[in-house]
Amino acid sequence: VPPATRRRALTVLDFTGNSIATLDEQTWKEYPWTETLVLRDNELQAVKSHSLEGLFLLQHLPANASQKDSAHGMNILSSHCNRDLSANRILLIEEGAFEPLPFLRLLNLSGNGLTQIHSSTFQAWHGMQFLEELILSHNPLTVIADTAFFKLPSVNYLDLSATQVTPQTLLLLLQTTVHLETLKLPKAVACCLCQEHASTETPCRTIQF
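Throughout this document, residue positions are counted from 1 along each chain, in the order its sequence is written. With pLDDT at 70 or above as the cut-off, local features in this predicted model cover only qualifying residues; side-chain atom pairs require 80 or more to be listed or tallied, and sums for whole chains, interfaces and linings still use all residues. Calculated side-chain values reflect all of the structure's heavy atoms, with hydrogen atoms and water omitted.

Under an unreviewed UniProt entry, the name given to the protein is Leucine-rich repeat-containing protein 37A, and the source organism is Manacus vitellinus.

What follows is the structure in structure tokens.
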């Protein structure tokens with residue numbers, strides 16, 4: 001990858017289908033203007049507190065280098081603030097991992113090995129104010145222990161399909177969400193959730209199973 005310069009600023013980095021297993025503190029030092037980062041189909045096992053240092057302008061982590069945004073029908077690579085960590089082997093996201101990304105708008109963590117969202121995972125000095133789309137599908141996710149997750153201020157699209165999140169956690173999410181419009185859920189919780197949904201006040205317009 002050629003080093004970026006002010007005259008040749010690289011705004012899109014696509015490392016799909018390599019064997020990247022770790023991200024060092026200085027990995028992104030030469031790419032401060034990156035807005036879209038694709039790390040799909042690699043061998044990452046953790047997102048550490050220093051993994052994303054230097055990506056201050058990052059906005060998107062799209063699901064695929066050519067995938068259309070399912071919620072808005074636009075090409076994700078033509079938009080900004082994306083980050084894609086899907087189809088890796090991620091088991092852990094360290095506290096403060098998203099601190100370096102104040103403008104992040106789309107985060108795709110689907111197809112990994114996450115079993116829980118630990119406390120403080122989504123807590124950051126900037127409050128994740130611009131995060132609009134969060135994809136956690138196809139993880140063995142059962143526990144969401146981060147209170148900040150339930151209060152993400154701008155998330156309007158959340159995909160929890162093909163996870164093992166409990167109905168109780170999903171009800172709490174529906175009761176506390178602020179701007180959520182579309183929520184994708186595991187089919188296994190459809191019956192339990194439908195029984196409670198009528199009495200649950202939520203701004204969510206669409207619930208898909």
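Comments concerning the overall build of the protein
A count of helical and extended segments in the protein gives two helices and 12 strands. Counting only contacts in the protein whose residues sit at least 6 apart along the sequence, the fraction spanning at least 24 positions is 65%. Method for areas: the Shrake-Rupley scheme with a 1.4 Å probe, in which residue coverage is limited to the protein chains shown. Surface accessibility of the protein: about 9,900 Å² in total, with carbon and sulfur atoms responsible for 50%. Secondary structure follows DSSP: runs of H or I at least 4 residues long count as helices, runs of E at least 2 residues long count as strands, and numbering of each begins at the N terminus. By the convention used here, residues are in contact when the closest approach between their heavy atoms is within 4.5 Å.

Some details on the pattern of salt bridges
We define a salt bridge as a side-chain nitrogen of Lys or Arg found within 4 Å of a carboxyl oxygen belonging to Asp or Glu. For the structure on display, the rule yields two salt bridges. Between Arg40 and Asp41 there is a salt bridge, and its shortest N-O distance comes to 3.7 Å. A relative accessible area of 23% means that Arg40 is categorised as partly exposed. Residue class for Asp41 comes out partly exposed when judged on its relative accessible area of 36%. Arg105 is the salt-bridge partner of Glu132, the closest N and O atoms lying 3.8 Å from each other. Relative accessibility decides the category of a residue: with a 1.4 Å probe and only protein chains considered, values under 20% of the type maximum give buried, values over 50% give exposed, and everything between is partly exposed.

Some remarks on the packing of aromatic side chains
The aromatic pairing rule takes the rings of Phe, Tyr and Trp, using the six-membered ring of Trp, and pairs them if the centres are within 6.5 Å, calling planes under 30 degrees apart stacked, those over 60 edge-to-face and the rest tilted. Tallied over the full model, the rule gives six aromatic pairs. Ring plane angle 45° and centroid distance 5.7 Å describe the contact between Phe103 and Phe130, whose orientation is recorded as tilted. Of the two residues, Phe103 is situated in the loop between β5 (92-93) and β6 (106-108) and Phe130 in the loop between β7 (116-117) and β8 (133-135); the sequence distance between them amounts to 27 residues. On the basis of an interplanar angle of 85° and a centroid distance of 5.6 Å, the ring pair of Phe149 and Phe150 is categorised as edge-to-face.

Overview of the environment of Thr166
Among the structural elements, Thr166 can be located in the loop between β10 (157-159) and α1 (167-176). The exposure class of Thr166 is partly exposed, given its relative accessible area of 29%. Within the structure, the side chain of Thr166 is placed 3.0 Å from the side chain of Thr169, a separation counted as a polar contact. Whenever two N or O atoms come within 3.5 Å, that pair is a polar contact, provided that in protein one can donate a hydrogen and the other can accept it, and provided that, for residues adjacent in sequence, both atoms are side-chain atoms.

So, the confidence of the model for the protein
The predictor attaches a confidence to each residue, called pLDDT, with possible values from 0 through 100. The predicted model of the protein has a mean per-residue pLDDT of 84, with 80% of residues at 70 or higher. Across the protein, element-level confidence peaks in β10 with a mean pLDDT of 96 and bottoms out in helix α2 (residues 190-197) with 65. Per-residue pLDDT stays below 50 along residues 63-80; that stretch engages in 37 contacts with residues further than four places along the chain or on separate chains.

What to know about the side chain of His126
As for its position among the elements, His126 is in the loop between β7 and β8. Of the residues examined, His126 reaches a relative accessible area of 9% and is grouped as buried. Within the local environment of His126, its side chain forms a polar contact with the backbone oxygen of Phe98, the two atoms lying 3.0 Å apart.

Considering the environment of Thr121
On the secondary structure map, Thr121 appears in the loop between β7 and β8. Leaving out residues up to four positions away in the same chain, Thr121 has contacts with Ile93, Phe98 and Asp146.

Here's the deal with unusual backbone geometry
In this model, Ser120 sits at a positive phi of 80°, which is unusual for a non-glycine residue. Topologically, Ser120 is positioned in the loop between β7 and β8. Looking at Ser120, the relative accessible area reads 12%, which means it is buried.

Re the environment of Phe150
Looking at where Phe150 falls in the secondary structure, it is placed in the loop between β9 (143-144) and β10. The exposure class assigned to Phe150 is buried, which follows from its relative accessible area of 9%. Separated by 19 residues in sequence, Phe150 and Thr169 place their C-alpha atoms 9.6 Å apart.

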